[in-house]
Amino acid sequence: MKISLEQVEHVARLARLSLSEDEARRYTEQLEAILEFADQLQELDVSGVPPTSHVLPIYNVLREDEEQPGLTREEALAGAPDSEDGQFRVPAILEG
Amino acid sequence: MAMWRWSVREMADRVRAGEVKPSELTEAVLARIRETEGKIRAFLHMDEEAAMSRARGLDGRAGEARGLLFGVPGAVKDNLCTAGVRTTCASRILANYVPPYTATAVCKLEEHGAVLVGKTNMDEFAMGSSTENSAFQKTANPWDLNRVPGGSSGGSAAAVAAGQVPFALGSDTGGSIRQPAAFCGVVGLKPTYGRVSRYGLVAFASSLDQIGPITRTVEDAALVLQAIAGRDPRDSTSAPVEVPDWTASLTGEVKGMRLAVPREYIGEGTDPAVAEAVKRAVETLAGLGAVVEEVSLPHTKYAVAVYYLIAPAEASSNLARYDGVRYGVRVEGDNLIDMYGRTRSQGFGPEVKRRIMLGTYALSSGYYDAYYLRAQKVRTLIRRDFEAVFERFDAVVAPTAPTTAFRFGEKIEDPLTMYLNDVLTIPVNLAGLPAISVPCGLAGGLPVGLQVIGKPFDEATVLRVAHAYEQAAALKLEPAGL
């Protein structure tokens, strides 16, 4: 077993996905198959090989710290499911 | 010839010569879309009135300095942000999203005078190889309405193949421009990573994503790329390199050029009829004086495994932003965490959730080294394979996809089988190279794509080889019965 149902449920919590029991079972099987396939990478000797996270030799890109036009508050809030007093509104986080 | 059949080049030339008005071109393609869209379903949304009013506005600007695409109608994939126009990524979670800004590539099309008629269908968040993962509709392949157009830019490729528009933009993370172009018998170009600004492209896997054109001719691909390429201060990964005049490289001349055919791309797993069509295309290039040699890209077989760890890992991070707070759909819950979970579970489709799960797992504590970090190291080996070949060769030529277009439902139930269809396009994204798919004939009545892969920022050679082949082969490929 590469991955258990418990691990799938743990990963779902990390990813903020509420999976149904049926989904969790299906993803366990499918992730199992994909990870088994990915296991072929273990057969390669990668000692001394640097990782590639990005193909371009670009690191820090800087510009002058000048004021530039951005979105207005109305524009930024226009797509929000809920807003109030010019701010995003979310369900209460603290009890009481 | 009916106006909708004209190439981008022909449309732009005739507008420039005053032989046709932009509004006449837009009217002609809108009529063609009305005629064919019931069968193809390439578009997620269109605004005919807005397109016509834009085109009429251009009618009145005769004599002004004009762009490369002045008056030419086109379409863009629905993961490119368009201010004031819905941008859904074919996802329920963005079903109502109207961006407040426009992607740089789309702005550039408009600056060059293009008329955008609509947004095309795709696999949800560009995750898929058949466009079947769209939350809204399935798009049919114009060559056989029972088959998929490929994906994830399936709407763009089908629209161009059906004559609905002469060009469309797509995005390519693991083959999403080239594979649908191959399946639909059109030209698809994935530029070098960094060639086109990704600002306003909804992010899937940021180290792999790149925007590019889908067209009916290689010259049109060069023209559209010319319009959208270049450094953009709003995308720090857009490269500060010179943008050459690509049409100048379309000489038809490949004499003495060195072309490599990787044996891993034509062996086991590639449909023999596809391999045969590509072999004939390579012979055509040899007939034009190119020097062709077989080579090995020994780490090819690891590319799918590498990609399906790296791309989902990046996606799981990029898609964390869809939380029902700032934009998109919210599903209410008992508390904040519950709201997040419900919103994301109901908003994302099965493939997107699968990849978020896979990516979160690959990045999670205890598995990071074994999966994600190891995949990044093998990515280096795949890049080195190409670097070694490019020391001796000008370009690599190969099939674009191992098969022709498959039937609806044929692969959708088994994710791994679907992933394996990307085996010949994925290595190019991992290495950040430019590559084009150009039609090279039919196998069993369905189009086959010849892929030409080049050195970083050498789109000129890629376009030159593809164009020389296209001109020499002079195939007249058009789907019947539309």
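The coordinates are above.
Residues numbered from 1 in each chain as written. Chains lettered and ligands numbered in written order. Predicted model: local features only at pLDDT ≥ 70, side-chain atom pairs only at ≥ 80, totals over all residues. Heavy atoms only, no water.

*Asks:* I would appreciate a short explanation of unusual backbone geometry in the present structure.
*Replies:* Among all residues except glycine, the phi angle is most often negative; among peptide bonds, the trans geometry is most common. All names here are of chain B. The amide bond that connects Gly151 to the next residue, Ser152, takes the cis arrangement and shows omega of 10 degrees. Relative to the helices and strands, Ser152 is located in the loop between strand 3 (115-120) and helix 5 (154-161). Located in the positive-phi region is Thr131, a residue other than glycine, with phi close to 65 degrees. Looking at the element boundaries, Thr131 is found in the loop between strand 3 and helix 5. Given the relative accessible area of 1%, Thr131 is considered buried. Backbone geometry at Ala474 places phi at a positive 45 degrees, although glycine is not the residue there. (Helix = DSSP H or I, 4+ residues; strand = E, 2+ residues; numbered from the N terminus. Buried < 20%, exposed > 50% of the residue type's maximum accessible area, 1.4 Å probe, protein only.)

*Asks:* It is not clear to me how the interface of chain B and chain A should be interpreted in this structure. Could you clarify?
*Replies:* Accessible area lost during the coming together of the parts is what is often quoted as the interface size. Contacts between chain B and chain A engage 65 residues on the former and 51 residues on the latter. Among the residues chain B hides against chain A, the three largest losses belong to Met357, Tyr361 and Arg374 of chain B. Together they make up 14% of the total. Here chain B and chain A share three salt bridges between them. The residue Arg330 of chain B makes a salt bridge to Asp82 of chain A at a minimum N-O spacing of 4.0 Å. (Contact = heavy atoms within 4.5 Å. Buried area = accessible area lost by both parts, 1.4 Å probe. Salt bridge = Lys/Arg side-chain N within 4 Å of Asp/Glu carboxyl O.)

*Asks:* It is not clear to me how the packing of aromatic side chains should be interpreted in this structure. Could you clarify?
*Replies:* Aromatic ring pairs: the centre-centre distance and the angle between the two ring planes describe each pair. All names here are of chain B. The tally for this structure, following the rule as stated, stands at 13 aromatic pairs over all chains. For the ring pair Phe183 and Phe406, a centre distance of 5.7 Å and an interplane angle of 90 degrees mean the geometry is edge-to-face. A residue pair is termed long-range when its members are at least 10 positions apart, and Phe183 in helix 6 (residues 178-184) and Phe406 in the loop between strand 9 (395-399) and helix 13 (415-420) qualify at 223 residues. A centroid spacing of 3.7 Å and a plane angle of 5 degrees characterise the contact between Tyr308 and Tyr419, whose relative ring orientation is stacked. (Phe/Tyr/Trp six-rings, centres within 6.5 Å; stacked < 30°, edge-to-face > 60°.)

*Asks:* I'm lost on the sheet that holds strand 11 (residues 446-453) of chain B in this one. Help?
*Replies:* In a beta sheet, neighbouring strands are held together by backbone hydrogen bonds and run either parallel or antiparallel to one another. All names here are of chain B. The strand order across the open sheet built from eleven strands is 1-3-2-4-6-5-10-11-9-7-8, with neighbouring strands paired in mixed fashion. Single-partner strands in this sheet number two, and they are strand 1 (43-46) and strand 8 (291-295). Ignoring which end each strand starts from, the neighbouring axes of this sheet average 30 degrees apart. Relative to strand 6 (residues 211-215), strand 4 (residues 167-171) is paired through five bridges, and the arrangement is antiparallel. In the strand pairing of strand 6, Ser171 is matched with Ile211. Along the sheet, helix 8 (residues 272-287) makes contact with strand 7 (258-262), strand 8, strand 9, strand 10 (435-443) and strand 11, crossing strand 11 at roughly 50 degrees. (Pairing = 2+ DSSP bridges. Axes fitted to C-alpha atoms, helices over the stretch in contact; angles between N-to-C directions.)

*Asks:* What exactly am I supposed to notice about the nonpolar core here?
*Replies:* For soluble globular proteins, nonpolar side chains are generally found buried alongside one another. Residue and element names in this part refer to chain B. Of all hydrophobic cores here, the largest spans 89 residues; its most connected members are Leu109 and Leu450. With eight residues, helix 7 (residues 218-228) is the single largest residue contributor to this core. With near-sequence residues (within four places) excluded, Leu450 lies in contact with Val278, Ala281, Leu285, Val397, Ala398, Thr400, Ile436, Ser437, Val438, Cys440 and Tyr469. Membership of the second largest hydrophobic core comes to 79 residues, among which are Tyr302, Ala362, Val378 and Phe393. (Core = buried A, V, L, I, M, F, W, Y, C linked by side-chain atoms within 4.5 Å.)

*Asks:* Sorry if this is basic, but what is going on with the state of the cysteines here?
*Replies:* Where two cysteines share a covalent bond between their sulfur atoms, that bond is called a disulfide. Residues and elements named next belong to chain B. For the structure on display, the rule yields zero disulfides over all chains. The thiol sulfur of Cys184 is not disulfide-bonded, and the nearest other cysteine sulfur, from Cys440, lies at 15 Å. Accessibility expressed as a relative area gives 1% for Cys184, which makes it buried. (Disulfide = S-S within 2.5 Å.)

*Asks:* Whenever I open this one, the environment of Glu110 of chain B confuses me. Can you help?
*Replies:* All names here are of chain B. Relative to the elements of secondary structure, Glu110 occurs in helix 4 (residues 104-111). When its relative accessible area of 36% is taken as the criterion, Glu110 is described as partly exposed. Taking C-alpha positions, Glu110 is 26 Å from Val438, a pair spaced 328 residues apart along the chain. Leaving out residues up to four positions away in the same chain, Glu110 has contacts with Arg54 and Leu116.

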